[in-house]
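The lines below spell out each chain.
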Amino acid sequence: MNNLIMLGAMAGGVSGAAGYLFADKVHGSEKVNQIYPVYAVIFFGLVVQVSKLLPL
């Protein structure tokens, strides 16, 4: 259970930061607050799927 909570916390933090940075690079500063949640959800799914491949 602790591994699941830690995975969710790490995936949430990493995906939020990566989504914000990616949206800023692609769409510029004026639209970053509107579009970064979409990228954060995509990165969250990627982090969770990649973690299934790793032996935890």
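This text goes with the structure placed above it.
Residues numbered from 1 in each chain as written. Predicted model: local features only at pLDDT ≥ 70, side-chain atom pairs only at ≥ 80, totals over all residues. Heavy atoms only, no water.

This brings us to a nonpolar patch on the surface. Taken together, the side chains of Met1, Leu4 and Ile5 present a nonpolar region at the surface, about 390 Å² in accessible area. Structurally, Leu4 can be placed in helix 1 (residues 2–27). (Patch = residues over 30% accessible without salt bridge, like charges linked within 9 Å, V, L, I, M, F, W, Y side chains within 5 Å. Areas by Shrake-Rupley, 256 points an atom, 1.4 Å probe, with all protein chains shown as cover. Salt bridge = Lys/Arg side-chain N within 4 Å of Asp/Glu carboxyl O. Helix = DSSP H or I, 4+ residues; strand = E, 2+ residues; numbered from the N terminus.)

Moving on, we get to helix 1. Taking 1.5 Å per residue, 26 residues should reach 38 Å; helix 1 reaches 37 Å between its end C-alpha atoms and fits that length. Along helix 1, the residues classified as buried are Ala11, Ser15, Gly19 and Ala23. Residues of helix 1 that are buried in the fold lie against helix 2 (32–53). Following helix 1 by one or two positions, Gly28 has its phi on the positive side, about 85 degrees. (Expected span 1.5 Å × (residues − 1). Buried < 20%, exposed > 50% of the residue type's maximum accessible area, 1.4 Å probe, protein only. Contact = heavy atoms within 4.5 Å.)

Here we take up the packing of helix 1 against helix 2. In the contact formed by helix 1 and helix 2, the axes pass within 6 Å of each other and the chain directions differ by 135 degrees. What the angle tells us is that helix 1 and helix 2 run oblique. Considering only the axes of helix 1 and helix 2, their crossing is right-handed. Within the contact of helix 1 with helix 2, the residues separate by chemical class into 17 nonpolar, eight polar and one charged. (Axes fitted to C-alpha atoms, helices over the stretch in contact; angles between N-to-C directions. Parallel < 35°, antiparallel > 145°, perpendicular 65-115°, else oblique. Left-handed = near helix turned anticlockwise from the far one by under 90°. Nonpolar A, V, L, I, M, F, W, Y, C, P; charged D, E, K, R; others polar.)

Glancing now at the packing of aromatic side chains. By the definition in use, this model includes three aromatic pairs. Ring geometry for Tyr20 and Tyr36: centres 5.3 Å apart, planes at 75 degrees, overall edge-to-face. Here Tyr20 is found in helix 1, whereas its partner Tyr36 is found in helix 2, with 16 residues between them in sequence. Exposure remark for Tyr20: the relative accessible area of 34% places this residue in the partly exposed category. Judged by its relative accessible area of 28%, Tyr36 is partly exposed. An aromatic cluster is defined as three or more aromatic residues linked by ring pairs; in this entry it consists of Phe22, Tyr39 and Phe43. (Phe/Tyr/Trp six-rings, centres within 6.5 Å; stacked < 30°, edge-to-face > 60°.)

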